[in-house]
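Chain residues, written in single-letter form:
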Amino acid sequence: MCHPIDASLVTAAWKRPVFANPDLPEGAVDRDAYVVCVLEGLFRALQVRDVFAAPSPRWADPRAHLLDGPAWEAISEDGLASLSLTDPIEAHLDTKLLALDAAWRQMAGRLAEAGDDALVRIVTPADE
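Residues numbered from 1 in each chain as written. Predicted model: local features only at pLDDT ≥ 70, side-chain atom pairs only at ≥ 80, totals over all residues. Heavy atoms only, no water.

Observations concerning the overall build of the protein
Here is step 1 of the chain: Scanning the protein for helices and strands turns up 4 helices and 0 strands.
Here is step 2 of the chain: The order of helices and strands in the protein, counted from the N terminus, is α-α-α-α.
Here is step 3 of the chain: Taken over the C-alpha trace, the protein has a radius of gyration of 25 Å; the compact-globule value for 128 residues is 14 Å, which it surpasses by more than 25%.
Here is step 4 of the chain: On the principal axes, the C-alpha backbone points of the protein span a range of 65 × 55 × 20 Å.
Here is step 5 of the chain: Within the protein, the proportion of its 128 residues that are buried is 10%.
Here is step 6 of the chain: By sequence separation, contacts in the protein at least 24 residues apart represent 19% of the contacts at least 6 residues apart. (Helix = DSSP H or I, 4+ residues; strand = E, 2+ residues; numbered from the N terminus. Rg over C-alpha atoms; globule rule 2.2 N^0.38 Å. Buried < 20%, exposed > 50% of the residue type's maximum accessible area, 1.4 Å probe, protein only. Contact = heavy atoms within 4.5 Å.)

Here's what the structure looks like:
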């Protein structure tokens, strides 16, 4: 009995083992390779929090218990104060943005000074 598969789940590294097993008839899918491919993709997605498993404390959605709306409004002032976040959020984020920008510029300057001796390099899509 043939079960349909979702070919979009098969990554480039798995295409050959899944679709081109020489021990199977032409056009047949290697079910075992497909299962391992999908499980590997699921594990990767769990690690980067692209999918969630409930009610697991480790793999559950970390945003699931965040407060929103009236419940958040009722405690937001105390919650933010307990984290020493008393400035308006825009001011707080602007400060973080300026610090990040300064660090980025400093790193870029040091890489430029190192020239070809730098152990790392910055690659942008335009450079590729």
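A word on the packing of helix α1 (residues 12-19) against helix α2 (residues 31-47)
Think of two packed helices as two axes; the pair is described by the angle between the axes and how far apart they sit.
Here is step 1 of the chain: Where α1 contacts α2, the two axes come as close as 8 Å, and the packing angle between them is 160°. Viewed along their axes, α1 and α2 adopt a mutual orientation that is roughly antiparallel. Here the hand of the crossing between α1 and α2 comes out left-handed. Between α1 and α2, the contacting residues are W14, P17 and V18 on the first element and A33, Y34, V36, C37 and E40 on the second. (Axes fitted to C-alpha atoms, helices over the stretch in contact; angles between N-to-C directions. Parallel < 35°, antiparallel > 145°, perpendicular 65-115°, else oblique. Left-handed = near helix turned anticlockwise from the far one by under 90°.)

Focus on helix α4 (residues 89-114)
Here is step 1 of the chain: The end-to-end C-alpha distance of α4 is 37 Å, a good match for the 38 Å that 26 residues give at a rise of 1.5 Å each.
Here is step 2 of the chain: G115, located one to two residues past α4, shows a positive phi value of around 60°. (Expected span 1.5 Å × (residues − 1).)

Concerning the pattern of salt bridges
Here is step 1 of the chain: Tallied over the full model, the rule gives 4 salt bridges.
Here is step 2 of the chain: Here E40 ties to R44 by a salt bridge, and the two come within 3.0 Å at their closest N and O atoms. Within this pair, E40 and its partner R44 are both found in helix α2, separated by 4 residues, close to a single helical turn.
Here is step 3 of the chain: On the basis of relative accessible area, E40 is assigned to the partly exposed category, the value being 36%. (Salt bridge = Lys/Arg side-chain N within 4 Å of Asp/Glu carboxyl O.)

Limitation: the analysis is restricted to geometry and does not speak to function.
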